[in-house]
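Chains, contacts and geometry: an overview
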Amino acid sequence: DAMVIQNPRYQVTQFGKPVTLSCSQTLNHNVMYWYQQKSSQAPKLLFHYYDKDFNNEADTPDNFQSRRPNTSFCFLDIRSPGLGDAAMYLCATSAYRDRLKEQYFGPGTRLTVT
Amino acid sequence: GDSVTQMEGPVTLSEEAFLTINCTYTATGYPSLFWYVQYPGEGLQLLLKATKADDKGSNKGFEATYRKETTSFHLEKGSVQVSDSAVYFCALYTGNQFYFGTGTSLTVIP
């Protein structure tokens, strides 16, 4: 089945230690998104890619970076995680030609910062 | 600006009870409207959608009607099951960006 895969599902990192979360997709969608979701809150868009074009949200901290080496893969790098970065990180995809931009979500990676 | 306002939870219902989760929106133009569901420990799944006024989205017994006159997209189900326990997010797409509501947690007890 075509899907969005996120690894790992659970990640524990230390305060200040860089961490990378990964997302892959078999849908061949050209748009990929990273969201941060804190407990009992709505997902918050961090950035997205149209193909290789990177679009950063204005309020996304510089501590968060992303890479998309090819259509299938997208990475979220947190350069110096703080306690406030503990959250669920959701990857999503959509097809550029889909007028609705219906988004397909992965299962998420829950990040714990100790 | 564009936004979604969702009924606050948590909501607890007995099995076979009627469910309504209110959602209203503010948007310019003609947004598309969605309901997503998030089961414990999982990502978001599209539950249903509507793209224009008076459209009714439906799936798995859930329904929502796009009401432009009241700027609403309330989620309803006639008879909930324990397996419907999840968090439900209302969302809109304006042609530029997705906006999510804050989510409503539903617990269905046997």
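My aim in this report is to walk through the structure given alongside it, one point at a time.

Reading guide: rules and limits
Residues numbered from 1 in each chain as written. Chains lettered and ligands numbered in written order. Predicted model: local features only at pLDDT ≥ 70, side-chain atom pairs only at ≥ 80, totals over all residues. Heavy atoms only, no water. 1 Å grid on protein atoms, 1.4 Å probe; cavity = no way out; pocket = protein on both sides within 12 Å on 5 of 7 lines; lining within 4 Å. Points joined across faces, edges and corners; volume = space filled by probe spheres on them. Helix = DSSP H or I, 4+ residues; strand = E, 2+ residues; numbered from the N terminus. Nonpolar A, V, L, I, M, F, W, Y, C, P; charged D, E, K, R; others polar. Disulfide = S-S within 2.5 Å. Buried < 20%, exposed > 50% of the residue type's maximum accessible area, 1.4 Å probe, protein only.

**Digging into empty space enclosed by the protein**
Within the structure shown, the criterion is met by 1 cavity of 30 Å³ or more. Of the voids in this model, the largest cavity is the one considered here, and its volume is about 80 Å³. In terms of lining residues, the largest cavity is bounded by Tyr33(A), Tyr35(A), Leu45(A), His48(A), Tyr50(A), Lys101(A), Gln103(A), Tyr93(B), Asn96(B), Gln97(B) and Phe98(B). When residues of the lining of the largest cavity are traced back to their parent elements, those giving at least two are strand 4 (31-37) and strand 5 (44-50) of chain A. Of the residues belonging to the lining of the largest cavity, the class tally is 6 nonpolar, 4 polar and 1 charged.

**Looking at the state of the cysteines**
Residues and elements named next belong to chain A. All chains considered together, the criterion is met by 2 disulfides over all chains. Between the sulfur of Cys 23 and that of Cys 91 lies a disulfide, 2.0 Å long from S to S. Disulfide Cys 23 to Cys 91: torsion about the S-S bond roughly -75 degrees, handedness left-handed. Highlighted residues: Cys 23 in strand 3 (residues 19-25) and Cys 91 in strand 9 (residues 87-94), separated in sequence by 68 residues. The two residues Cys 23 and Cys 91 agree in class, both being buried.

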